[in-house]
Amino acid sequence: MFVPTMSRKCCGYWLLASAMLLLLWACSQPLKPSTLERVQKAGELRVVTRNSPATYFQDRNGETGFEYELVKRFAKSLGVELKIEIADNLDDLFLRLEQDKGPVLAAAGLIDTPARATQAQFSSSYLQVSPQIIYRQGQRRPRRPADLQGKRIMVLKGSSHAQQLAALQTELPELQFEVSDEVEVVDLLRMVDEGQIDLTLVDSNELAMNQVYFPKVRVAFDLGEPTNLSWALAPGEDDSLLKEVNAFLDQVQDNGTLQQLKDRYYGHIDVLGYVGAYTFAQHLQQRLPRYEKAFRQEAQVQSLDWRFLAAMGYQESLWQPDATSKTGVRGLMMLTLRTANAMAVSNRLDAAQSIRGGAKYIAKIQAQLPESIQEPDRTWFALAAYNVGGGHLEDARRLTEAEGLNPNKWLDVKKILPRLAQKQWYSKTRYGYARGGEPVHFVANIRRYYDILTWVTLPQLEDSQLAESGLHMPGINKRTLSENNPAL
Ligand code: BLG
């Protein structure tokens, strides 16, 4: 029987031809664009976050918050617009990651836990935090996990803290805790502060951000090891965007941007210390209401933000109208006699007069600064001049320029200002010796107080009776915020 067979050579040709055909077909198929390419093509980076002081919120000047500031820089580095979306709670956040069409980045103070490995891909870390058990001052302080039994504890639903407590329950069967998706971390801290619950578990950065508003909350102990905050992407996405994220996080770590943001948002405690934070919270409740009307009134006259004036007043005198410095400078806004005379203030110890004089003086300084100094630096320079005098500030700017730095940037001038106290430097200046370190601290502190006041007095309370409506109780949750900010 004749059976047709192919020669070996013929078979080789056939295989080669098939392979080439396959290759041609593969090349003609459109390649699925990578996650990064999809973001670039859309021209926008969609970011889902939480509405809280440590992540994203709106103040008088618009959107702000640690996560917002960081992610805004990332979108800029990609050359795309940033589109912020607010999740109702953590479950909603992870659901959006998994189910949304198109790439979404979650930037919301998330902890990369093993339990979340199936829900998201995590970036490298940008902040290390410790989970802390929080109790109310005056109550018995829990010192170890066993002390948590028999207490009323609440944490956010879907949080790493809920996972941690659930894990602890296997060792401590009597441990009970509640979860809620109706609240944010600020609400939990307020509930401890007011005694509605005994304990909560929050991350150290959230506490640092909020400690000043809740004078009675205290850290009982750290529960477990420090953990890492990361951004997250949907589990199904390829790693192209994740690689960009990690490269960006490395870059902001190296160039100091990350540290600046940490200082700004979580540094209150560093500047105020725990005692200072506690004191500030008390003064906010007890002293500010007496002067708030005057701050608002004078701020309006000078087209300033009243919180900025209030922050100055706190730095100057802790809102005390009879304050007197060693150098004889007096009153709530610490006017020298010369300034008081120039501003037509007859009695420096009269709070209303002092606030009027201080407001007028800072507005005048700000208007007189050279055009080359732009906002926000302009405000910091005006504050420095308020404190150390315009002549000394000019000296520092000249020294700054001589060093090859930028005399219009506060970041540069503040490095040089302390030199005004060293003879080798001040001997070369026009106005001579000055305690140049003082305005540097002065400005840094006022910026912190201003940030805190901004969060405590969110814009939606602006026209209401602040003192009565809970100005000093920042339990503003996401619902009130978004109702009043349709943009959210
Ligand atoms: C400021 C004046 C400036 C003045 C500088 O001193 O006072 N500001 C006000 O009066 C509002 O006008 O500049 S100058 O006019 O060009 O000479 C320099 O003299 C006030 C500062 C001084 C500071 N507090 C407002 O910030 C102060 O009291 N320092 C002393 C601190 S301690 O008690 O010695 O620790």
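Read on for a plain summary of the structure. If you're wondering where the values come from, they're calculated on a predicted model, not measured in any experiment.

**Things to note about the overall build of the protein chain**
Step number 1: Of regular secondary structure, the protein chain possesses 21 helices and 12 strands.
Step number 2: With 488 residues in all, the protein chain has 52% of them scored as buried.
Step number 3: Relative to all contacts within the protein chain whose residues are 6 or more apart in sequence, the contacts with residues 24 or more apart total 69%.
Step number 4: In the form shown here, the protein chain has an accessible surface area of approximately 23,900 Å², with 50% of it arising from carbon and sulfur atoms.

**Quick notes on empty space enclosed by the protein**
Step number 1: Summed over all chains, the structure comprises three cavities of 30 Å³ or more.
Step number 2: Estimates place the volume of the largest cavity at around 140 Å³.
Step number 3: Lining of the largest cavity is provided by 16 residues; of these, Arg50, Leu90, Ser159, His161 and Asp203 occupy positions nearest its centre.
Step number 4: Counting residues per element, the ones that place at least two in the lining of the largest cavity are strand 5 (104-111), helix 5 (160-169), helix 6 (185-193) and strand 10 (199-203).
Step number 5: Looking at the lining of the largest cavity, its residues break down into eight nonpolar, four polar and four charged.
Step number 6: In this structure, the second largest cavity encloses a volume near 70 Å³.
Step number 7: Lining the second largest cavity are 11 residues, and of these Asn89, Leu90, Leu156, Val183 and Glu184 sit closest to its centre.
Step number 8: Here the lining of the second largest cavity is composed, by residue class, of three nonpolar, two polar and six charged.

**Structural notes on the sheet that holds strand 4 (residues 81-86)**
Step number 1: Spatial ordering of the open sheet is given by 4-1-5-12-6, a layout of five strands whose pairing is mixed. Every other strand in the sheet has two partners, leaving strand 4 and strand 6 (121-129) as the edge strands with one partner each. Mean inter-strand twist for the sheet, computed between neighbouring axes without regard to direction, equals 25 degrees.
Step number 2: Across four bridges, strand 5 lies against strand 12 (residues 227-233) in antiparallel orientation. Following the sheet pairing, isoleucine 111 is matched in strand 12 by leucine 229.

**With respect to helix 14 (residues 351-368)**
Step number 1: Counted at 1.5 Å a residue, the expected span for helix 14 with its 18 residues is 26 Å, and the 26 Å between its end C-alpha atoms agrees.
Step number 2: Residues Ala351, Gln353, Ser354, Ile355, Gly357, Gly358, Ala359, Tyr361, Ile362, Ala363, Ile365 and Gln366 constitute the buried set of helix 14.
Step number 3: Turning to helix 14, the residues buried within the fold contact helix 11 (288-301), helix 12 (306-317), helix 13 (337-342) and helix 15 (377-388).
Step number 4: Capping the start of helix 14, aspartate 350 holds a side-chain oxygen 3.0 Å from the backbone nitrogen of alanine 352, two or three residues further along.

**A closer look at the pairing of strand 5**
Step number 1: Most of strand 5 sits inside the fold, with eight of its eight residues counted as buried.
Step number 2: Here three bridges tie strand 1 (residues 44-49) to strand 5, and the two strands are oriented parallel to one another. Pairing of valine 47 across the sheet is with leucine 105, part of strand 5.

**Digging into the site of the ligand**
Step number 1: Neighbouring the ligand are 19 residues, the closest being Glu316, Thr336, Thr339, Tyr361 and Tyr386.
Step number 2: Between the ligand and arginine 338, the relevant distance is 3.1 Å, taken from an oxygen atom to a side-chain nitrogen or oxygen of the residue.
Step number 3: A distance of 3.2 Å separates a nitrogen atom of the ligand from a polar side-chain atom of glutamate 438.
Step number 4: Within the complex, the protein chains bury 75% of what would otherwise be the 720 Å² of accessible surface of the ligand.
Step number 5: Elements with a contribution of two residues or more to the shell around the ligand: helix 13, helix 15 and helix 19 (437-456).
Step number 6: For the shell around the ligand, the class distribution of residues is seven nonpolar, seven polar and five charged.

**Let's talk about the packing of aromatic side chains**
Step number 1: Under the counting rule described, the total for this entry stands at 16 aromatic pairs.
Step number 2: The side chain of arginine 419 reaches across the aromatic face of tryptophan 425, ending 4.1 Å from its centre.
Step number 3: The positively charged end of lysine 428 is found above the aromatic ring belonging to tryptophan 425, 4.7 Å away from the centroid.

**Observations regarding the sheet that holds strand 8 (residues 153-156)**
Step number 1: Strand order in the open sheet formed by five strands is 9-8-10-7-11, with mixed pairing between adjacent strands. Edge positions in the sheet fall to strand 9 (178-180) and strand 11 (217-222), since each has one partner strand and no second. Within this sheet the neighbouring strands show an average axis-to-axis angle of 35 degrees, counted without direction.
Step number 2: By the bridge criterion, two bridges tie strand 8 to strand 10 in an arrangement that is parallel. Looking at the pairing, isoleucine 153 lines up with leucine 199 of strand 10.
Step number 3: Set on the sheet, helix 6 makes contact with strand 7 (131-136), strand 8, strand 10 and strand 11; between it and strand 10 the angle comes to about 145 degrees.

**A look at the nonpolar core**
Step number 1: Core analysis: the biggest nonpolar cluster contains 90 residues, and Phe295 and Trp319 have the highest contact counts within it.
Step number 2: In this structure, phenylalanine 295 is in contact with Leu288, Trp306, Leu309, Ala310, Gly313, Trp319, Leu332, Met333 and Ile355, ignoring residues within four places of it in sequence.
Step number 3: The next biggest cluster of nonpolar side chains, apart from the first, holds 33 residues, and it includes Leu45, Val47, Ile111 and Ala208.

Procedures and definitions
- Residues numbered from 1 in each chain as written.
- Predicted model: local features only at pLDDT ≥ 70, side-chain atom pairs only at ≥ 80, totals over all residues.
- Heavy atoms only, no water.
- Helix = DSSP H or I, 4+ residues; strand = E, 2+ residues; numbered from the N terminus.
- Buried < 20%, exposed > 50% of the residue type's maximum accessible area, 1.4 Å probe, protein only.
- Contact = heavy atoms within 4.5 Å.
- Areas by Shrake-Rupley, 256 points an atom, 1.4 Å probe, with all protein chains shown as cover.
- 1 Å grid on protein atoms, 1.4 Å probe; cavity = no way out; pocket = protein on both sides within 12 Å on 5 of 7 lines; lining within 4 Å.
- Points joined across faces, edges and corners; volume = space filled by probe spheres on them.
- Nonpolar A, V, L, I, M, F, W, Y, C, P; charged D, E, K, R; others polar.
- Pairing = 2+ DSSP bridges.
- Axes fitted to C-alpha atoms, helices over the stretch in contact; angles between N-to-C directions.
- Expected span 1.5 Å × (residues − 1).
- Polar contact = N/O pair within 3.5 Å; in protein donor to acceptor, adjacent residues only side chain to side chain.
- Near = heavy atom within 4 Å.
- Phe/Tyr/Trp six-rings, centres within 6.5 Å; stacked < 30°, edge-to-face > 60°.
- Lys NZ or Arg CZ within 6 Å of the ring centre and 35° of its normal.
- Core = buried A, V, L, I, M, F, W, Y, C linked by side-chain atoms within 4.5 Å.

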